[in-house]
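# An overview of the molecular structure
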Amino acid sequence: MSPVRRALPEDAAEVLRLRQVMIDSMSPVDSSTGWHAESLPTLRERLSEPDGDFAAFVVDHPERPGTLAALVVGTVEYRIGRVGNPAGTIGFVFSVATDPDARRRGYARACMDALLEWFRARGAVQIQLTASADAAPLYVSMGFKPKPDPLMELLL
């Protein structure tokens, strides 16, 4: 297996491509990619901050040089502490994606392991994610437990 590495600014276009793979698999209604160009500069900037609260871990595609096989992205956030997490440090996992022709090789799990280690190093003791039905078995095998989802959203 190709080694997991931290994504670099020059990976930004490929990160967006794999994010689109994930988006298309979850909601195939709107597969437009026009937003990529606007998102690219900010993503490059965030990927250039090695000590920030944002990290992406990737595996290079073994058969297609210059492309990524898998991606996992996460952020560390502060929330007011509580029992079990008095420091209030929470990790949030999002944009987990594997190129369709590179699936079932352990790449997503390897990227998740790297991200979980990154969370540990930043003091996160609580990790959250939203899982698709297809991805849930991976997360359960890693120790994640389903929770009732009271998520609400407002678009401004």
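Our subject is the structure listed above.
What counts, and at which threshold
- Residues numbered from 1 in each chain as written.
- Predicted model: local features only at pLDDT ≥ 70, side-chain atom pairs only at ≥ 80, totals over all residues.
- Heavy atoms only, no water.
- Helix = DSSP H or I, 4+ residues; strand = E, 2+ residues; numbered from the N terminus.
- Rg over C-alpha atoms; globule rule 2.2 N^0.38 Å.
- Contact = heavy atoms within 4.5 Å.
- Areas by Shrake-Rupley, 256 points an atom, 1.4 Å probe, with all protein chains shown as cover.
- Lys, Arg positive; Asp, Glu negative; His and termini not counted.
- Charge placed at Lys NZ, Arg CZ, Asp CG, Glu CD.
- Pairing = 2+ DSSP bridges.
- Axes fitted to C-alpha atoms, helices over the stretch in contact; angles between N-to-C directions.
- Buried < 20%, exposed > 50% of the residue type's maximum accessible area, 1.4 Å probe, protein only.

## Observations regarding the overall build of the chain
- On a plain count of helices and strands, the chain comes out with four helices and five strands.
- When the helices and strands of the chain are read in sequence order from the N terminus, they spell out β-α-α-β-β-β-α-β-α.
- Taken over the C-alpha trace, the chain has a radius of gyration of 16 Å; the compact-globule value for 156 residues is 15 Å, and the two agree within 12%.
- Partitioning the intrachain contacts of the chain with sequence separation of at least 6 by distance along the chain shows that 64% fall at a separation of at least 24.
- As displayed, the chain has an accessible area near 9,500 Å², and 58% of this comes from carbon and sulfur atoms.
- One way to put it: in the chain the 17 positive side-chain charges average out to a point 7 Å from where the 20 negative ones average out.

## Points about the sheet that holds strand β2 (residues 54–60)
- As summarised here, the arrangement of the five strands in space is β1-β2-β3-β4-β5, forming an open sheet in which the pairing is mixed. The outermost strands of the open sheet, each flanked by one partner alone, are β1 (4–6) and β5 (126–129). Between one strand axis and the next, the sheet turns through 25 degrees on average, direction left out of account.

## Quick look at the environment of Ser31
- Assignment of secondary structure puts Ser31 in the loop between α1 (12–26) and α2 (35–47).
- With relative accessibility at 44%, the residue Ser31 sits in the partly exposed group.
- Placed eleven residues apart in sequence, Ser31 and Gln20 show a C-alpha to C-alpha distance of 7.6 Å.
- Setting aside anything within four residues of it in sequence, one finds Ser31 in contact with Gln20 and Asp24.

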